[in-house]
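# Observations on chain architecture
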Amino acid sequence: MIKSDLKNDLNTIKGYATMIKVKNLRKEYDGIVAVNNISFEVKKGEIFALLGPNGAGKTTTIKAILGLINYDGEIHIDEKDAKNKDVKKFIGYLPETVSFYDNLTALQTLQFFAELKGADKHKCMKLLGEFGLKDSANRKVGEFSKGMKQRLALAQCLLGNPKLLILDEPTSGLDALGAYEIRNKIKEMNEKGVTILLCSHILSEVQELADRVAIMNKGEIIAMDTVKNLGKMLDIQPKLKIEVEKITDSLIGKIKEIVKEVKVDGNLIEVSCSPDLKLQIINEIEKETKIIDFKTIEPTLEEIFIKMVRE
Ligand SMILES: Nc1ncnc2c1ncn2[C@@H]1O[C@H](COP(=O)(O)OP(=O)(O)OP(=O)(O)O)[C@@H](O)[C@H]1O
Ligand SMILES: [Mg+2]
C-alpha cells in the first residue's frame, strides 16, 4: 500500500477495503443524545481521527465499536458484526482512563494481559523497553506517574500484534517528549499496516497523524475528509510568508492590487492567497526589492475546526 496515496487522495482511500463500518449509530443516555445517527468508514491501513470538543461523543462512538455499550445502528469490523467475539481478538484498545492493579509490577501487568489475550509473554520485556519503561519493569504500577501508566497502557494494547488499534486520547497525560514518542510509535505501527482509529481534541496531533478526520460536535459528524480537502472546502487559503529586504508603501500598494489583505510585521509580508496568485505576488515583490526567504503555510486544522464549529 502506498501511504502517500492515502494521505493525498480521498478517491484513492475509497478504493481500499473497509476495516470499520459504522452506519446510523445512535446512543442515548437517560434522555441525553450522546451520538446522533452518525455513519463513517475507516479504511484498512489508514489513520482515522475523531476530533471534537469535550462531550462531542467521541468516546461513546469508540465504546460502541468495541461493544462496551448498547447502541442503535450497525457496526461492522472487517466485514463481521462488531458484536462478534472473533473481531475483538485483533483489536488493541487504549481506553480514555486506564487502571491497573497497583500491586503488580509493570512486567507482571503486561504478562497478565498477554495471558488474557493469548499473546507471547516473552515479548513483554521488549515492549516495555520500546515504551521507555525498561528500568521500571520491576516497579509496582501503583508507584507509577500518570504518564508512565499511559505508556504501559499503550504497550498493553500492542500485545498480540493487533491489526486494528483504537486509541482514546493516546497522548493524554504525557509530557512533550512522551507525546512525541507515542506519535512516532503510532506512525510506526501504521507503516507496518496497522489500521488506527484515534480520538483526540489536540488539533496539531490529529493534523500530524491522521489521513482523514471526522469532526464531531454535539453527537454529530459535521465534516469528514482529509485535512487538505477540509481546508479547500471551507475556502481557507494557504498563507504566504515572504521576508524581504525593504518594505515600501508602493510595494504594499502593489500587493494590495492583487490581494485585499496584507499583513506586515517588520520585514515580513503575510498574505492569504490561492496558489495561482502566489507567483504574481512574488513577481511584483521582486520588481521592487530582494526576497530573502519565503514559505507557504497550508491551512491548519485549528482554522478549519474553529470555522466549522462557529458555522
Ligand atoms: N455513562 C454515561 N452516562 C450518561 N451520560 C454519558 C455517559 N457517557 C457519556 N455520556 C454523555 O454523552 C455525551 C458524549 O460523551 P463522550 O464521553 O462520548 O464525549 P467525548 O467526545 O469523548 O468527550 P471528551 O473529549 O471529554 O472525552 C456527553 O454529554 C456525556 O455527558
Ligand atoms: Mg472522550
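The present account deals with the structure reproduced in this document. Treat the numbers as computed from the prediction; the structure is a model and nothing was measured.

The rules behind the values
Residues numbered from 1 in each chain as written. Chains lettered and ligands numbered in written order. Predicted model: local features only at pLDDT ≥ 70, side-chain atom pairs only at ≥ 80, totals over all residues. Heavy atoms only, no water. Near = heavy atom within 4 Å. Polar contact = N/O pair within 3.5 Å; in protein donor to acceptor, adjacent residues only side chain to side chain. Areas by Shrake-Rupley, 256 points an atom, 1.4 Å probe, with all protein chains shown as cover. Helix = DSSP H or I, 4+ residues; strand = E, 2+ residues; numbered from the N terminus. Expected span 1.5 Å × (residues − 1). Buried < 20%, exposed > 50% of the residue type's maximum accessible area, 1.4 Å probe, protein only. Arc of directions from axis to C-beta. Contact = heavy atoms within 4.5 Å. Donors = N, O, S within 2.8 Å, 3.2 Å for Na, K, Ca; no water. Salt bridge = Lys/Arg side-chain N within 4 Å of Asp/Glu carboxyl O. Core = buried A, V, L, I, M, F, W, Y, C linked by side-chain atoms within 4.5 Å. Pairing = 2+ DSSP bridges.

This brings us to the site of ligand 1. Taken together, Tyr29, Ala34, Pro53, Asn54, Gly55, Ala56, Gly57, Lys58, Thr59, Thr60, Glu96 and His201 are the residues near ligand 1. Here threonine 59 contributes a side-chain N or O atom positioned 2.8 Å from an oxygen atom of ligand 1. The contact in question runs from an oxygen atom of ligand 1 to an N or O atom on the side chain of glutamate 96, over 2.5 Å. Coverage of ligand 1 by the protein amounts to 65% of the 640 Å² it exposes when considered alone. Residue contributions to the shell around ligand 1 peak at three residues, all from helix α3 (residues 58–65).

A rise of 1.5 Å per residue sets the reference length of helix α5 (residues 106–117), with its 12 residues, at 16 Å; its end C-alpha atoms lie 17 Å apart and thus fit the reference within 8%. When α5 is considered as a whole, its buried residues turn out to be Ala106, Leu107, Thr109, Leu110, Phe113 and Ala114. The arc enclosing the buried residues of α5, seen along the axis, measures out at 160°, which places them on a common side. Across α5 from its buried face, at more than 90 degrees, point the exposed residues Glu115 and Leu116. Buried-residue contacts for α5 involve α6 (124–130) and α7 (146–157). Glycine 118 occupies a position one or two residues after α5 and carries a positive phi of about 70°.

In this section: the coordination of the magnesium ion (ligand 2). Coordination of the magnesium ion (ligand 2) by the protein involves Thr59 (OG1) and Glu96 (OE), with metal-donor separations of 2.0 to 2.2 Å. With threonine 59 in helix α3 and glutamate 96 in the loop between β6 (91–94) and α5, the pair connects residues that are 37 residues apart, well separated along the chain. When its relative accessible area of 14% is taken as the criterion, threonine 59 is described as buried. Given a relative accessible area of 41%, glutamate 96 falls into the partly exposed group.

In this section: unusual backbone geometry. Of note in the backbone geometry, asparagine 24 takes a positive phi value of approximately 50° without being a glycine. Summarising the element assignment, asparagine 24 is placed in strand β1 (residues 18–29). A positive phi angle is found at aspartate 78, which is not glycine, with a value near 50°. Mapped onto the fold, aspartate 78 is located in the loop between β4 (72–77) and β5 (80–81). With relative accessibility at 16%, the residue aspartate 78 sits in the buried group.

For arginine 151, the position within the fold is in helix α7. With residues up to four places along the chain from it excluded, the contact list for arginine 151 reads Phe131, Gly132, Leu133, Leu174, Asp175, Gly178 and Glu181.

Within the structure shown, the criterion is met by 20 salt bridges. Residues lysine 185 and glutamate 130 are paired through a salt bridge, measuring 2.6 Å at the closest nitrogen-oxygen approach. Residue lysine 185 is found in helix α8 (residues 176–191), and its partner glutamate 130 is found in helix α6; the two are separated by 55 residues along the sequence. By relative accessible area, glutamate 130 is classed as partly exposed at 37%. The shortest N-O distance in the salt bridge between lysine 254 and glutamate 288 comes to 2.7 Å. Placement of lysine 254 in helix α11 (residues 249–258) and of glutamate 288 in helix α12 (residues 275–288) is noted, with a sequence separation of 34 residues between them.

As for its position among the elements, threonine 289 is in the loop between α12 and β14 (291–297). The class of threonine 289 is buried, set by a relative accessible area of 14%. At 3.2 Å, the side chain of threonine 289 and the backbone nitrogen of lysine 246 are in polar contact. Aside from chain neighbours lying at most four places away, what touches threonine 289 is Val244, Glu245, Lys246 and Leu251.

Ranked by internal contacts, the top residues of the largest apolar core, which has 52 residues, are Leu152, Leu167, Ile196 and Ile215. Formed by 29 residues, the second largest nonpolar core is a distinct cluster that contains Ala56, Ala64, Leu66 and Ile69.

We now examine the sheet that holds strand β2 (residues 32–43). The strand order across the open sheet formed by four strands is β2-β1-β4-β5, and the pairing between neighbours is antiparallel. The open sheet has two edge strands with one neighbour each: β2 and β5. Bridge analysis of β4 against β5 gives two bridges, and the strand direction is antiparallel. In the strand pairing of β5, histidine 76 is matched with aspartate 81.

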